[in-house]
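Each chain, letter by letter, is given below.
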Amino acid sequence: MHRKILPYIYLLGVVSVLFLAVFLFTRTAIWPAFDLSKTSSIGDTIGGISAPVIGLISAYLIYTSFLVQVEANKLLITEKNFNILFELYKELITDFDQLAYYRSFKNRETIFKGGAALHSYFSDVKNYEYATYEMKDFEQNCDYVLSSLLLLLQKISQANADEQDRLLILNKMQLFYNSYLHSFIDQVIDLSSSDYEKVRPEFIAKVKDVKNAFQKI
């Protein structure tokens with residue numbers, strides 16, 4: 001609060017000095033050396049004295065306004081980056097909710113989405129003797145979601161955002177991982193060797209990358 005008022009106090013002081021100078025310079029000089037009546041007009045004298053002071057004041061005000069503008073731009077950038085990260089996080093949640101696993105049984109198809117899709121896929125991996133088309137298709141779609149999650153984690157670590165905003169997004173990511181992915185990822189990694197053969201190696205590698213990424217947070 002005091003720092004905001006301080007420049008105005010300085011300005012008021014300088015203006016007061018200038019008015020005092022006008023008053024003093026229009027008085028009868030006490031010593032002949034200070035007699036300004038035989039020099040140029042008093043206005044030119046005052047102008048010559050006050051011009052540098054006014055110039056310095058103007059330069060100071062321009063400088064302070066520039067600093068304020070720089071800080072405002074930094075704030076806008078951090079807010080913009082946070083909004084981008086939050087929108088990417090919401091897109092990730094939407095993609096996960098739309099993640100679908102199709103199970104066909106006796107010419108009847110059942111669709112599972114989100115967390116239910118993960119559970120149904122893993123159940124079929126354990127129970128089926130071979131990998132079905134539906135499993136492979138789900139792995140490709142799930143791979144996209146996991147890749148998006150890794151990219152978002154990388155962007156969060158590199159973004160020029162406020163630290164509290166960054167922690168907020170990371171905490172939401174951690175909560176999402178613990179709630180929906182942690183158990184599934186551990187189950188896939190802990191599959192037996194016979195069940196491993198039913199899962200694409202690229203998908204297992206991506207699952208391990210996600211686990212390692214969240215262990216580093």
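Details of the structure are given in the entry above.
Definitions and cut-offs
- Residues numbered from 1 in each chain as written.
- Predicted model: local features only at pLDDT ≥ 70, side-chain atom pairs only at ≥ 80, totals over all residues.
- Heavy atoms only, no water.
- Axes fitted to C-alpha atoms, helices over the stretch in contact; angles between N-to-C directions.
- Helix = DSSP H or I, 4+ residues; strand = E, 2+ residues; numbered from the N terminus.
- Parallel < 35°, antiparallel > 145°, perpendicular 65-115°, else oblique.
- Left-handed = near helix turned anticlockwise from the far one by under 90°.
- Contact = heavy atoms within 4.5 Å.
- Nonpolar A, V, L, I, M, F, W, Y, C, P; charged D, E, K, R; others polar.
- Phe/Tyr/Trp six-rings, centres within 6.5 Å; stacked < 30°, edge-to-face > 60°.
- Buried < 20%, exposed > 50% of the residue type's maximum accessible area, 1.4 Å probe, protein only.
- Salt bridge = Lys/Arg side-chain N within 4 Å of Asp/Glu carboxyl O.

Asks: Before we go on, may I ask you to explain the packing of helix H3 (residues 115-127) against helix H5 (residues 163-189) in this structure?
Replies: Between two packed helices, the angle of one axis relative to the other and the distance separating the axes together describe the packing. H5 packs onto H3 with a crossing angle of 15° between their chain directions and a minimal axis gap of 10 Å. As summarised for this structure, H3 and H5 are arranged roughly parallel, according to the angle between their axes. Crossing of H3 against H5: the hand is left-handed. Across the interface between the two elements, Leu 118, Tyr 121 and Phe 122 from H3 touch Tyr 180, Leu 181, Phe 184, Gln 187 and Val 188 from H5. Residues that form the contact of H3 with H5 fall into these classes: 7 nonpolar, 1 polar and no charged.

Asks: How should the packing of aromatic side chains be read in this particular structure?
Replies: One pair of aromatic rings is described through two measures. These are the centre distance and the angle between the planes. Counted according to the given criterion, the structure contains 11 aromatic pairs. Each ring, one from Phe 86 and one from Tyr 89, has its centre 6.3 Å from the other, and the planes form 35°; the classification is tilted. Separated by 3 residues within a single helix, Phe 86 and Tyr 89 lie in helix H2 (residues 42-98), roughly one turn from each other. Judged by its relative accessible area of 28%, Phe 86 falls in the partly exposed class. Among the residues examined, Tyr 89 registers a relative accessible area of 11% and is labelled buried. Connected via pairs of aromatic rings, a cluster forms that spans Tyr 101, Tyr 121, Phe 138, Phe 184 and Phe 203.

Asks: Could you clarify how one ought to interpret the pattern of salt bridges in this entry?
Replies: Any two side chains of opposite charge can pair, given that their charged atoms come close. If you walk through the whole model with that rule in mind, you get 7 salt bridges. For the salt bridge of Asp 124 with Arg 103, the shortest nitrogen-to-oxygen distance reads 3.1 Å. Residue Asp 124 is located in helix H3, and its partner Arg 103 is located in strand E1 (residues 100-105); the two are separated by 21 residues in the primary sequence. For Asp 124, a relative accessible area of 4% puts it in the buried group.

Asks: Please explain the environment of Glu 139 as it appears in this structure.
Replies: Structurally, Glu 139 is set in helix H4 (residues 133-158). A relative accessible area of 0% places Glu 139 in the buried class.

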